[in-house]
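Working through the structure, step by step
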Amino acid sequence: MNDIRRHIPDDDGELVLAARTGDLAAFELIVRKYQGRMLNVAFRITGVYEDACEVVQDAFVAAHRGLKDFRGESRFSTWLTAITANLARNRLEQLLTRRKNEALSLDDPLPTEDGDIMREPPSTRPTPLEEVERLNVQEKVQGCIGELPPGFREVLVLRDLEEFSYGEIGAILKLRDGTVKSRLARAREAVKDCLKRAFGAL
Amino acid sequence: MEHAELRKKLSAYLDKATTAAERLEIEEHLSRCPDCRDELVDLEKTVGHLRQLPGVEPPVWLTAKIMARVREEAEAKPSLWQRLFVPLRVKLPLEAVALIFLCVTGYYLARTMAPEVPVTAPPAAVEEKGAPRPQPPSPSVESRGEGSKPVQPPPPPGQALSRQAPVQEREESPPAFAPAPPPVMESPRALPAAPRAEGAPAPAVRPALPAQDRATVQAEKSESEYFGASAAKKAKKAARSEEPPAAAGVGANLLPRVVLRVADAAVTEGELRQLVTAQGGSILRREETVSGSQLTVRIGVGRANEFFARLEKLGSVVRKPAAVDRAAGDVDVIVEIETAR
């Protein structure tokens, strides 16, 4: 999957042209080509699979609406990822706000790949770190990513999961190069510390 | 380079995103510092874990759902456009027509309303004939008439002379109007002659009926005058060039007249002059008549009533003009002094 992800050729010129003229079949090809990648971006940023699926739908619908305005100044994949990442960031903030408001609720869920799971009753509720330890490696890694605040999370996801360049990340998230660099460094540092705690050792 | 500082740059160093100079510094430090080397290794492992995260698979229905929404939007849009623009196509012409209609209506309304506003302040009773006369919509005629200020019927018969009056005189009034048609008096012979002729047997008696007849005649005449305006204007021009005083004099037909029967016209004339001066008025014209004299007097409208009141003390007033009801301006009156026989 990683290999495939890295080696998708990004030559979408003809497809995009056709889709712009209203060719829905061409647009469907675009959807099939990028939906996996966009879902990952959305999932890694939001941390919740269902929300990620909704974000991806919204992203492709928005892309289709805005196709006539896409002038090919960037690669189509970069443009599409920008739409997805920004929608995912918005959704993340909604989720965090909702969780903050529900912080006192007994049913505070821990987001995982398979969906939300229920917390145990307050008296026996484990600490966040203990929660992470109980999960498998992948879940731990995602959990550590989930510890990152918005703004830092997207940079890390786009760099270390989707392998965009510093410049592309700056264009997608509308950040200066220096900001991308410093945020990435701090995000990696935080995940490193989190994983050390979760695994005991890296 | 300090440890703390170095560790901040390790991430960029990993991505080969440092400057060449920085890279050298870092590598130089790393070669001497095992702790920082450990840090670098930890960082590499972290990034490795991240990169090895497997991608999640999209649900099988995702493409179909996306395309369904895309199709929905693609179909919804045209009708949205139509909803906006087809009505517009109908709305705009409608609005244009309505606007034109309103403008035209407004224009005609304005034209109709305008004449009601008096353009000048003509003397009040000048328009005795105005009452029976029709109200033509031209501003000039209106201004010459407080025809809108109707003279109480029967209008003083003095207007009868209009019969004599050449049409052009009447037409002259509009342009010359302002305070009053300047030389207002008709030829002295013509003016007294007519009333004399008509009322000769009993000059004192100016019966109302003949007056009304005269007024009617006058009305008819004014109508014909109105409709014969263009011809009249030509005649007026001719008349004007030939005999300005005479032409002007016929304006006298329009003025209120007072006839004073006195014992001695000459004495009364002197008294009249004094009265006029006292009232702040002026004598515009004086003419000899068979039985006395006729003076055209201009009095301020505010003083007019008092003037007439005092006039009555000078002799017996055979005829009085209608009450002055103009708000401002001057009134021109013809005072005829008649020696009683």
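Note that the structure is a prediction, hence the values are computed from the model and not measured.

**Some points on the overall build of chain A**
When helices and strands are tallied, chain A shows 10 helices and 0 strands. Along chain A, from the amino end to the carboxyl end, the secondary structure elements read α-α-α-α-α-α-α-α-α-α. Looking at chain A residue by residue over its 202 residues, the buried ones come to 50%. For chain A, the share of sequence-separated contacts (at least 6 apart) that also reach a separation of at least 24 residues comes to 62%. Roughly 9,800 Å² of accessible area belongs to chain A as shown, and the carbon and sulfur atoms make up 52% of that amount.

**Quick word on the confidence of the model for chain A**
Residues and elements named next belong to chain A. Confidence in the prediction for chain A averages 84 pLDDT; 80% of positions are at 70 or higher. Under a pLDDT of 50 for its full length, residues 1-9 has, in the predicted model, 18 contacts with residues more than four places off or in other chains. Contacts from residues 116-121, a stretch scored under 50 in pLDDT, to residues over four places away or in other chains number 16 contacts.

**Considerations on the nonpolar core**
Membership of the largest hydrophobic core comes to 60 residues, with the highest contact counts inside it found for Phe27, Val56, Phe60, Phe76, Ile145 and Leu156 of chain A. With residues near it in sequence (within four places) discarded, Val56 of chain A still touches Gln35, Met38, Leu39 and Ala42 of chain A together with Leu62 and Ile66 of chain B.

**Focus on the packing of aromatic side chains**
Two aromatic rings, taken as a pair, are described by how far apart their centres are and by the angle between their planes. All names here are of chain A. A full pass over the atoms with the stated rule returns 7 aromatic pairs over all chains. Between Phe70 and Phe76, the ring centres sit 5.6 Å apart and the planes meet at 80 degrees, which makes this aromatic pair edge-to-face. For Phe76, a relative accessible area of 4% gives the class buried. Positioned above the aromatic ring of Phe152 is the side chain of Arg183, whose terminal nitrogen or guanidinium carbon lies 5.7 Å from the ring centre.

**Comments concerning the interface of chain B and chain A**
Taken together, the contact pairs 34 residues of chain B with 47 residues of chain A. With both chains or domains summed, chain B and chain A bury close to 3,800 Å², and 60% of this area falls on carbon and sulfur atoms. Taken together, chain B and chain A are joined by 7 salt bridges. Asp15 of chain B is the salt-bridge partner of Arg159 of chain A, the closest N and O atoms lying 3.2 Å from each other. Summed over the shared surface of chain B and chain A, the result is 13 residue pairs in polar contact (both at pLDDT 80 or more). When residues of the side of chain B that touches chain A are traced back to their parent elements, those giving at least two are α1 (3-14), α3 (34-51) and α4 (62-113) of chain B. Ranked by residues supplied to the side of chain B that touches chain A, first place goes to α4 of chain B with 10 residues. The class makeup of the residues in the side of chain B that touches chain A is 16 nonpolar, 6 polar and 12 charged.

**Some thoughts on α3 of chain B**
In an α-helix, one turn spans 3.6 residues; hence positions three or four apart end up facing the same way. Across its 18 residues, α3 of chain B extends 26 Å between first and last C-alpha, which sits within 8% of the 26 Å expected from 1.5 Å per residue. Within α3 of chain B, burial applies to Cys36, Glu39, Leu40, Asp42, Leu43, Thr46, Val47 and Leu50 of chain B. Around the axis of α3 of chain B, the buried residues are gathered within 160 degrees of arc, so they sit on the same side. In this structure, the buried side of α3 of chain B is in contact with α7 (137-146), α8 (152-161) and α10 (177-199) of chain A together with α1 and α2 (20-32) of chain B.

**A look at the state of the cysteines**
As enumerated under the stated definition, the model contains 1 disulfide over all chains in all. The partner cysteine of Cys144 of chain A in its disulfide is Cys194 of chain A, sulfur to sulfur 2.0 Å. Across the disulfide from Cys144 of chain A to Cys194 of chain A, rotation about the S-S bond amounts to roughly -75 degrees, and the bridge is consequently left-handed. Placement of the pair is Cys144 of chain A in helix α7 and Cys194 of chain A in helix α10, with a sequence separation of 50 residues. Across the pair, exposure class does not vary: Cys144 of chain A and Cys194 of chain A are buried alike. As a non-bridged cysteine, Cys33 of chain B has Cys36 of chain B as the owner of its nearest cysteine sulfur, 3.4 Å distant. For Cys33 of chain B, a relative accessible area of 7% corresponds to the buried category.

The rules behind each value
Residues numbered from 1 in each chain as written. Chains lettered and ligands numbered in written order. Predicted model: local features only at pLDDT ≥ 70, side-chain atom pairs only at ≥ 80, totals over all residues. Heavy atoms only, no water. Helix = DSSP H or I, 4+ residues; strand = E, 2+ residues; numbered from the N terminus. Buried < 20%, exposed > 50% of the residue type's maximum accessible area, 1.4 Å probe, protein only. Contact = heavy atoms within 4.5 Å. Areas by Shrake-Rupley, 256 points an atom, 1.4 Å probe, with all protein chains shown as cover. pLDDT = per-residue confidence, 0-100. Core = buried A, V, L, I, M, F, W, Y, C linked by side-chain atoms within 4.5 Å. Phe/Tyr/Trp six-rings, centres within 6.5 Å; stacked < 30°, edge-to-face > 60°. Lys NZ or Arg CZ within 6 Å of the ring centre and 35° of its normal. Buried area = accessible area lost by both parts, 1.4 Å probe. Salt bridge = Lys/Arg side-chain N within 4 Å of Asp/Glu carboxyl O. Polar contact = N/O pair within 3.5 Å; in protein donor to acceptor, adjacent residues only side chain to side chain. Nonpolar A, V, L, I, M, F, W, Y, C, P; charged D, E, K, R; others polar. Expected span 1.5 Å × (residues − 1). Arc of directions from axis to C-beta. Disulfide = S-S within 2.5 Å.

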